[in-house]
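# Architecture at a glance
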Amino acid sequence: MKIRICFELSTRDEAGNIDSTFGLSMTIGESDKEIDYQELTASINKEGVLRMTCLDSIVKPEDMRIITPEEYDEKYGDEEEPPC
């Protein structure tokens with residue numbers, strides 16, 4: 001099974017009000033056994049994720065929330081492989 005870590009991120013306008021919210025799903029590998037999602041996500045460095053995805057200029061770590069893959073799929077659609 002694929003191992004995904006999912007986030008909900010918000011951007012803010014110049015007045016500091018949330019102006020958009022979007023989802024981010026990262027597939028980090030595969031595993032034959034069940035993985036504890038809370039344990040997996042407990043030590044995530046949000047600043048590092050934002051830098052790695054080039055979103056650090058528009059999203060602050062406090063505007064980033066870890067969500068479950070199920071919540072991501074419900075809000076933002078099922079995981080789909082990108083076209084080649």
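Bear in mind the structure is a predicted one, so any value in this text is a computation, not a measurement. (Residues numbered from 1 in each chain as written. Predicted model: local features only at pLDDT ≥ 70, side-chain atom pairs only at ≥ 80, totals over all residues. Heavy atoms only, no water.)

### Quick word on the overall build of the protein
- Of regular secondary structure, the protein possesses three helices and three strands.
- Listing every helix and strand of the protein by position from the N terminus yields β-β-α-α-β-α.
- Contacts in the protein between residues at least 24 apart in sequence constitute 61% of all its contacts with a sequence separation of at least 6.
- With an accessible surface of roughly 6,000 Å², the protein has 48% of that area assigned to carbon and sulfur atoms.
- Computing the positive centroid from 9 side-chain charges and the negative centroid from 21, the protein places the two 4 Å apart. (Helix = DSSP H or I, 4+ residues; strand = E, 2+ residues; numbered from the N terminus. Contact = heavy atoms within 4.5 Å. Areas by Shrake-Rupley, 256 points an atom, 1.4 Å probe, with all protein chains shown as cover. Lys, Arg positive; Asp, Glu negative; His and termini not counted. Charge placed at Lys NZ, Arg CZ, Asp CG, Glu CD.)

### A word on the environment of Asp13
- Residue position: Asp13 is located in the loop between strand 1 (2-12) and strand 2 (18-30).
- Measuring from C-alpha to C-alpha, the distance between Asp13 and Ile58 comes to 9.8 Å, with 45 residues separating the pair along the chain.

### Quick notes on the packing of aromatic side chains
- For the structure on display, the rule yields one aromatic pair.
- Plain terms: the ring middles of Tyr72 and Tyr76 are 5.5 Å apart, the flat faces sit at 40° to each other, and that makes the pair tilted. Taken together, the residues Tyr72 and Tyr76, both in helix 3 (residues 69-76) and four residues apart, mark about one turn of the helix. (Phe/Tyr/Trp six-rings, centres within 6.5 Å; stacked < 30°, edge-to-face > 60°.)

### What to know about the sheet that holds strand 1
- Across the sheet, which stays open at both edges, the three strands sit in the order 2-1-3 with antiparallel pairing between neighbours. Of all the strands in the sheet, the pair left with one neighbour each is strand 2 and strand 3 (64-67). If you compare each strand with its neighbour and ignore which way they point, the axes differ by 25° on average.
- With four bridges connecting them, strand 1 and strand 3 associate as antiparallel partners. The residue of strand 3 that forms the bridge with Leu9 is Met64.
- Running at roughly 55° to strand 1, helix 3 makes contact with strand 1, strand 2 and strand 3 of the sheet. (Pairing = 2+ DSSP bridges. Axes fitted to C-alpha atoms, helices over the stretch in contact; angles between N-to-C directions.)

### Some points on the pairing of strand 1
- With nine of 11 residues buried, strand 1 lies mostly within the body of the structure.
- Taken together, strand 1 and the strand that follows it, strand 2, pair antiparallel across an intervening segment of five residues, in which Gly16 is found at a positive phi of about 90°. (Buried < 20%, exposed > 50% of the residue type's maximum accessible area, 1.4 Å probe, protein only.)

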